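For reference, the chains in residue letters:
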Amino acid sequence: MYSELTLLRAEIERDIALITDEDSLEQFKLKYLVKKGAIQGFIERLRDVPKEHKPSVGKEINALRSLAENFYDERKTSYDERRKAHVELIDVSLPGRRCTPLGSIHPIQQTLDRCITIFERMGFSVAEGPDVENDYYNFGALNFAPDHPARDMQDTFFVRSEKADDILLRTHTSSVQIRVMKSQKPPIRSIMPGRVYRNETVSARSLAEFHQLEGLYIDRNVTFAELKGTIISFAKEMYGGNSKFRFRPSYFPFTEPSAEVDISCYLCNGKGCRICKYSGWLEICGCGMVHPNVLKNCDIDPEEFSGYAFGFGIERVTLLRTGIDDIRLLYENDVRLLNQFR
Ligand code: DAH
């Protein structure tokens, strides 16, 4: 019996080493610790052990039972605790996890996107040109006389270059008109959004770097009435259907006739207030019929084709749309401001 008990101890120890999970632990219990288990079998056979050996054999059987029981209890407690801890990790009463805060589209980009959507619906496609231009595209081809004051150093940022002395940052998106007319044949119906640069003092009303959106339509028999219709339809969608409009005669070298468009002030409905400087009107864009010289510069025959063009500042539209009263706020990127226009 002694040798059997020695074998049993070895077997218990080997089985203990093999236990890796709750299933194998339960198998261990069934093998050694239940009524019909291996240890109970030895206890029953104790009856037949000669009297003088009973104490020592009994002692060994007890030791083996304690070994198996203690191991089982300890490992069971540890598995139970592990399971409990895992369950406690998922506290279903907690509020859901906050997502990473999302950014939002900047008010200037929102304005651009809205303008583009409205004009695309009218059949205009989007064209782009470079920010760094030369005198020809920005002024010359647009019929600016060589001594036009807009070429003055005070308005234009010139770029120092060894190769040419007429490189500049475009002062308006009208330069893209020339690029579009030189690369496409009429009919042309394009809008040209983009950044422009002017050597101006930064204030609540003006910046040295801002955005414009240019429009150009060239085809046979295009009339001023179509220009008016396009601008009024756009502005009604952008600013609301009840606005009134007026076209004032104006001058731009690249259009003839030229006009500036005013919309009745959205704040006071034309009665006069601080925003419209008590005039009842807000200027929204410059426009006109494309000058024959400009068409000729782009190899388009002014006898056959005519067209209109318009251009306006995106920041200004953004101020009117949002009620923000200082243009510089649009470039400070203060989230307290941006969050109001998500
Ligand atoms: N380029 C002009 C400016 O920057 C705006 C403008 C006026 C664009 C009349 C045009 C136009 O296309 O026809 O002030």
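Residues numbered from 1 in each chain as written. Predicted model: local features only at pLDDT ≥ 70, side-chain atom pairs only at ≥ 80, totals over all residues. Heavy atoms only, no water.

## What about the overall build of the protein chain?
Tallying secondary structure elements over the protein chain gives 11 helices and 9 strands in all. Dimensions along the principal axes, computed over C-alpha positions, put the protein chain at roughly 130 × 55 × 40 Å. Of all 342 residues assigned to the protein chain, the portion counted as buried reaches 40%. If you take every contact in the protein chain between residues at least 6 apart in sequence, the share linking residues at least 24 apart comes to 66%. As presented, the protein chain carries roughly 20200 Å² of accessible surface, and 51% of it is formed by carbon and sulfur atoms. Of the charged side chains in the protein chain, 47 are positive and 50 negative, and the gap between their average positions amounts to 6 Å. (Helix = DSSP H or I, 4+ residues; strand = E, 2+ residues; numbered from the N terminus. Buried < 20%, exposed > 50% of the residue type's maximum accessible area, 1.4 Å probe, protein only. Contact = heavy atoms within 4.5 Å. Areas by Shrake-Rupley, 256 points an atom, 1.4 Å probe, with all protein chains shown as cover. Lys, Arg positive; Asp, Glu negative; His and termini not counted. Charge placed at Lys NZ, Arg CZ, Asp CG, Glu CD.)

## Considerations on the sheet that holds strand 4 (residues 188-197)
Strand order in this open sheet of 7 strands is 1-4-5-9-8-7-6, and the pairing throughout is mixed. Each of the sheet's edge strands pairs with one partner strand only, and the pair in question is strand 1 (125-126) and strand 6 (245-252). Bridge analysis of strand 5 (residues 209-219) against strand 9 (residues 306-313) gives 8 bridges, and the strand direction is antiparallel. Within strand 9, the residue paired with D219 across the bridge is S306. The strands touched by helix 8 (residues 224-239) within the sheet are strand 5, strand 6, strand 7 (255-264), strand 8 (281-290) and strand 9, with strand 9 carrying the most contacts at an inclination of about 30 degrees. On the sheet, helix 10 (residues 314-322) packs against strand 5, strand 8 and strand 9 and is oriented at approximately 60 degrees with respect to strand 9. (Pairing = 2+ DSSP bridges. Axes fitted to C-alpha atoms, helices over the stretch in contact; angles between N-to-C directions.)

## Some thoughts on the site of the ligand
Contacts to the ligand come from 15 residues, most closely from H172, S174, R198, Q212 and E214. In this structure, an oxygen atom belonging to the ligand sits 2.8 Å away from a side-chain N or O atom of R198. At 2.5 Å, a side-chain N or O of E214 approaches an oxygen atom of the ligand. Burial of the ligand by the surrounding chains reaches 89%, relative to a free accessible area of 350 Å². Only helix 7 (174-183), strand 5, strand 8 and strand 9 provide two or more residues apiece to the shell around the ligand. Residues belonging to the shell around the ligand are distributed by class as follows: 5 nonpolar, 8 polar and 2 charged. (Near = heavy atom within 4 Å. Polar contact = N/O pair within 3.5 Å; in protein donor to acceptor, adjacent residues only side chain to side chain. Nonpolar A, V, L, I, M, F, W, Y, C, P; charged D, E, K, R; others polar.)

## Observations regarding the state of the cysteines
Within the structure shown, the criterion is met by 0 disulfides. Cysteine C115 shares no disulfide, and the gap to the nearest cysteine sulfur, in C285, comes to 11 Å. Cysteine C298 shares no disulfide, and the gap to the nearest cysteine sulfur, in C287, comes to 19 Å. (Disulfide = S-S within 2.5 Å.)

## Details of the nonpolar core
Counting residues in each nonpolar core, the largest one holds 44 residues, and the members touching the most others are F310 and F312. Apart from the residues lying within four places of it in its own chain, the contact partners of F312 are C115, F119, H211, Q212, L213, F234, I284, C285 and V317. Listed in part, the 23 residues of the second largest apolar core include V180, M192, L295 and A309. (Core = buried A, V, L, I, M, F, W, Y, C linked by side-chain atoms within 4.5 Å.)

## Section: the packing of helix 1 (residues 2-18) against helix 2 (residues 22-32)
Two numbers describe how helix 1 lies on helix 2: the axes approach to 11 Å, and their chain directions differ by 165 degrees. As the angle between them shows, helix 1 and helix 2 are arranged roughly antiparallel. Where helix 1 crosses over helix 2, the two elements pack in a sense that is left-handed. Taking contact as the criterion, the partners of L8, E11, I12, D15 and I16 in helix 1 are, on helix 2, F28, K31 and Y32. (Parallel < 35°, antiparallel > 145°, perpendicular 65-115°, else oblique. Left-handed = near helix turned anticlockwise from the far one by under 90°.)

## Some details on the environment of E304
Along the chain, E304 falls in the loop between helix 9 (292-297) and strand 9. Residue classification places E304 among the partly exposed residues on the basis of a relative accessible area of 35%. Each C-alpha atom, one on E304 and one on S243, is 36 Å from the other, the two residues being 61 residues apart in sequence. There is a polar contact of 2.3 Å between the side chain of E304 and the side chain of R220.

## A short note on the domain arrangement of the protein chain
Along its sequence, the protein chain is carved into domain 1 (2-88) and domain 2 (107-341). Computed from C-alpha atoms alone, the centre-to-centre distance between domain 1 and domain 2 is 90 Å. (Domains from an automatic or database assignment.)

## So, the packing of aromatic side chains
Under the criterion given, the structure shown has 15 aromatic pairs. Where Y136 meets Y137, the ring centres are 5.4 Å apart and the plane angle is 80 degrees; that geometry is what we call edge-to-face. Overall, the relative accessible area of 18% leaves Y137 in the buried class. Connected via pairs of aromatic rings, a cluster forms that spans F119, F124, Y217, F234, Y308, F310 and F312. The residue whose ring lies beneath R189 is Y217, and the NZ or CZ to ring-centre distance is 4.8 Å. Over the ring of F247 we find K228, and its NZ or CZ is 5.5 Å from the ring centre. (Phe/Tyr/Trp six-rings, centres within 6.5 Å; stacked < 30°, edge-to-face > 60°. Lys NZ or Arg CZ within 6 Å of the ring centre and 35° of its normal.)

## Points about unusual backbone geometry
Leaving glycine out, the prevailing phi sign among residues is negative, and the prevailing peptide bond configuration is trans. A cis amide bond links P186 with the next residue in sequence, P187, at an omega value of 0 degrees. Note that P187 resides in the loop between helix 7 and strand 4. Of note, the bond from E256 into P257 is cis; its omega dihedral lies within 30 degrees of zero at -5 degrees. Mapping P257 onto the fold places it in strand 7. Residue N143 is not a glycine yet carries a positive backbone phi of 70 degrees.

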